[in-house]
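# What the coordinates show
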Amino acid sequence: MSDGTSSQSWPGEAAGRQDIVATTADRGGPRTVWSRDFALFFVARAVARLGDTMLPVALAAGLLQHGYGAGAVGLAMASTAAAFAGLVVFGGVIADRFSTRRLMIGADLVRLGTQSLAAGLFSAGHVVLWEICAIGFVNGVAGAVFQPGVASTVPRLASDIQAANGAIRIAESAAQLAGPAVAGLLVGFASPGSVFAAHAATYAISALCLLLLRLPGHAPGASVTGGAGGEAGAGPREHRTGGSFKADLVAGWREFRARTWLWGVIAVWCLYMIAVWGPTVPLVATEVVQQHGPRAYGLVNSALGAGTVVGGFLALRLRPRRMLRAGAVALFAFAGFPASVGAGLGVPAMAAGAAVAGAGMSFWGVMWATSVQTQVPPDVLNRIHAYDVAGSLAMMPVGQALAGPAAAFLGAGHVLLVAGAMSLVVPAALLAVPAIRDLVRADAHALAPRAGAVRGRVRPARR
């Protein structure tokens, strides 16, 4: 899809997707989200996020308890992040060549094994840093194989992709609120090893849900050749591509580069990670804890999570014709989070700023995910999503690494005020790119007839 046609869906997309699941959307009936299979995927994502948000507490408590410092905790976390960021693009190619469901189940089973091993090491008191880092690295590799398949699974399970993304965002946000609290209780009443055991259990639940999942085949417009068999007996076998691994990697990059709206957002997002998100996360934590104590930081963090839940609910209700434009406007709300902390406002004001920021970020996330999943052909979606994830995360470590020196030179408060100002620059930059602000949602043709029917006539969607 070239720049000039970026607002158009690919041939056969809408009709093909309706053949994937039972829906009456194009006939004027309700658009469907919930089904047995989507519910299984929903539970898998929510439980997995719950476990992932428990992990930092387990690592910090466990390593500190065994005599390691904060640097060791950071190294253990970085081993996972580095493996994931470095290999997720290759994971996208693998996901486009093989069964995504089986790959995701395999990745969950690998992490079930690694986290069970970590639980045994911490419970036995045999904690060696390089072993924990090696476990983290394997987890990152498994995550790189798992994540690309998420993007292509949602459109195959729900006809209302925006609502599906909104529901998953709400569940993940709620899990992110509960995860650290559950981990803290387990550490307090049992041991860090018990948190790793619980984390392993979340991967077991996720794998079981995916195993029970009946994943339909791709839309007829996708580049998929039919064959005998299928995933759980539901659809054609997934023979993705016939070229070499390198050729598929290059083809994915060409598809990514051909969409100005796509690589334009990622390019702007690199600035966001360096100037906004990277410094905001560590500096907000240190400033709030030092000035108001850990309980205040917990309150602010909870407000941020509650805001993301609200943003998910808004994304369920609002259906803007130009999704990225609406998402970028919502993204302006994030400025209140770093700015309120940098200005030294009270805890209630910081919590309010965090809540509004969370809502804006969550709404943008649903608009972005839905745009990618509906504007990109299914046969390259996993690779495109992998480039999206890799590009989005690439600059985050840079922003985090620069946060400390910048705070030492300018002061943490001033750096956060700059981050607040850049939070306004980033959405403005997104809106300044015509390919981004003018991208029309892929299902606009399906929404327009119902809007015209209110006035007794049917109007075609203007592209």
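Scroll up to find the structure.
Since the structure is predicted, the reported quantities are computational estimates derived from the model, not experimental observations. The numbering scheme is per chain: residues are counted from 1 as the chain's sequence reads. Confidence filtering applies because this is a predicted model: local features only for residues at pLDDT of at least 70, side-chain atom pairs given and counted only at 80 or more, and all residues used for totals across whole chains, interfaces and linings. Based on all heavy atoms of the structure, the side-chain values leave hydrogens and waters out of the count.

### Digging into the overall build of the protein chain
In terms of helices and strands, the protein chain carries 18 helices and zero strands. Scored against the burial criterion, the 463 residues of the protein chain give a buried share of 52%. Restricting the contact set of the protein chain to residue pairs at least 6 apart, pairs at least 24 apart contribute 83%. Here the protein chain has roughly 18,700 Å² of accessible surface; of this, 69% comes from carbon and sulfur atoms. Comment: elements are numbered from the N terminus, with helices defined as DSSP H or I runs of at least four residues and strands as E runs of at least two. Throughout, exposure labels follow a simple rule: accessible area from a 1.4 Å probe, protein chains only, divided by the maximum for the residue type, with under 20% read as buried, over 50% as exposed, and the rest as partly exposed. It only takes one pair of heavy atoms within 4.5 Å for two residues to be counted as in contact. All accessibility values rest on the Shrake-Rupley procedure with a 1.4 Å probe; residue burial counts only the protein chains present in the view.

### Focus on the nonpolar core
Buried residues of nine kinds, namely Ala, Val, Leu, Ile, Met, Phe, Trp, Tyr and Cys, make up a nonpolar core once their side-chain atoms join them within 4.5 Å. If you look at the biggest cluster of nonpolar residues, it comprises 59 residues, and the most contacted ones within it are Trp261 and Trp368. With 13 residues, the single largest contributor to this core is helix 9 (residues 260-292). In contact with Trp368, other than residues within four places in its own chain, are Trp261, Leu262, Val265, Ile266, Leu324 and Asp388. Counting residues in hydrophobic clusters, the runner-up holds 23 residues, among them Val33, Phe38, Ala44 and Ala167.

### Some words on helix 9
For helix 9, with 33 residues, the first-to-last C-alpha span of 44 Å sits near the 48 Å given by 1.5 Å per residue. The quantity called bend is, for any residue, the angle between two axes fitted respectively to the seven residues ending at it and the seven beginning at it. The sharpest bend along helix 9 reaches about 45° and sits at Met273. For a helix, the expected span equals 1.5 Å multiplied by the number of residues minus one.

### Quick word on a nonpolar patch on the surface
On the surface, Leu87, Phe90, Val110, Phe137 and Val138 cluster together into a nonpolar patch covering about 380 Å² of accessible area. Of all the secondary-structure elements, those providing two or more residues to the nonpolar patch are helix 3 (70-97) and helix 5 (129-157). Inspection of the secondary structure puts Phe90 in helix 3. The partly exposed category is assigned to Phe90, whose relative accessible area is 35%. Grouping into patches uses exposed residues only, defined as over 30% relative accessible area, and leaves out salt-bridged ones; the cut-off is 9 Å for like charges and 5 Å for nonpolar side chains (Val, Leu, Ile, Met, Phe, Trp, Tyr). What makes a salt bridge here is a side-chain nitrogen of Lys or Arg within 4 Å of a carboxyl oxygen of Asp or Glu, nothing more.

### As for the side chain of Glu131
Inspection of the secondary structure assignment puts Glu131 in helix 5. Neither His nor the chain ends is counted toward charge; the positive residues are Lys and Arg and the negative residues Asp and Glu. Lacking a salt bridge, the buried Glu131 has Arg111 as its closest oppositely charged neighbour, with an N-O distance of 20 Å. Filtering out sequence-adjacent residues up to four positions away, Glu131 remains in contact with Leu121 and His126.

### Examining the packing of helix 11 (residues 323-331) against helix 13 (residues 347-375)
Here an axis means a line fitted to C-alpha atoms, over the contact stretch when the element is a helix, while the angle between two N-to-C directions is reported on a 0 to 180 degree scale. Orientation of helix 11 relative to helix 13, taken along the N-to-C sense of each, is 160°, at an axis distance of 8 Å. What the angle tells us is that helix 11 and helix 13 run roughly antiparallel. Between helix 11 and helix 13 the crossing geometry is left-handed. On the side of helix 11, the interface is formed by Met323, Leu324, Ala326, Gly327, Ala328, Ala330 and Leu331, while helix 13 contributes Gly360, Met361, Phe363, Trp364, Met367, Trp368, Thr370 and Ser371. Any angle from 65 to 115 degrees is called roughly perpendicular, while one under 35 is roughly parallel, one over 145 is roughly antiparallel, and all others are oblique. For any helix crossing, the convention is left-handed if the near helix is rotated counterclockwise from the far helix by under a right angle, and right-handed if that rotation is clockwise.

### Comments concerning the packing of aromatic side chains
Pairs were defined over the aromatic rings of Phe, Tyr and Trp, the Trp ring being its six-membered one, requiring ring centres within 6.5 Å. Orientation was assigned from the angle between planes: stacked under 30 degrees, edge-to-face over 60, tilted for the rest. Under the definition given, this model contains 11 aromatic pairs. Considering the side-chain rings of Trp34 and Phe42, the 5.0 Å spacing of their centres and the 70° angle between planes classify their relative orientation as edge-to-face. Among the residues examined, Trp34 registers a relative accessible area of 52% and is labelled exposed. We note Arg111 situated over the ring of Phe146; from NZ or CZ to the ring centre the distance is 5.0 Å. The criterion is that NZ of a Lys, or CZ of an Arg, lies within 6 Å of the ring centre and within 35 degrees of the ring normal, and then a charge sits over that ring.

### Focus: the environment of Gly125
Among the secondary structure elements, Gly125 is positioned in the loop between helix 4 (100-124) and helix 5. On the accessibility criterion, Gly125 (42% relative accessible area) is partly exposed. In this structure, the C-alpha to C-alpha distance between Gly125 and His66, residues 59 residues apart in sequence, is 7.8 Å.

### Description of helix 5
Taking 1.5 Å per residue, 29 residues should reach 42 Å; helix 5 reaches 41 Å between its end C-alpha atoms and fits that length. At Ala151, helix 5 shows its largest bend, some 35°, and a proline, Pro155, comes one to four positions later. Of all 29 residues making up helix 5, 22 are buried, and the element is well covered by its neighbours.

### Here we look at the pattern of salt bridges
Note that side chains of opposite charge can pair when their charged atoms are close. Enumeration over the complete set of coordinates arrives at eight salt bridges. Across the pair Arg49 and Glu172 runs a salt bridge, and its minimum N-O distance is 3.7 Å. Here Arg49 is found in helix 2 (residues 36-65), whereas its partner Glu172 is found in helix 6 (residues 161-189), with 123 residues between them in sequence. Using a relative accessible area of 10% as the deciding quantity, one classes Glu172 as buried. What emerges from the salt-bridge pattern is a single network uniting Arg45, Arg49 and Glu172.

### Considerations on the side chain of Thr370
The residue Thr370 is located in helix 13 in this model. Polar contacts involving the side chain of Thr370 include one to the side chain of Asn165, which spans 2.9 Å. Beyond its immediate stretch of four places on either side in the chain, Thr370 contacts Ile161, Gln162, Asn165 and Met323. Under this definition, polar contacts are N or O atom pairs within 3.5 Å; protein pairs additionally need one hydrogen-donor-capable and one acceptor-capable atom, and for neighbouring residues in sequence, both atoms have to be side-chain atoms.

The analysis is restricted to geometry; functional conclusions fall outside its scope.
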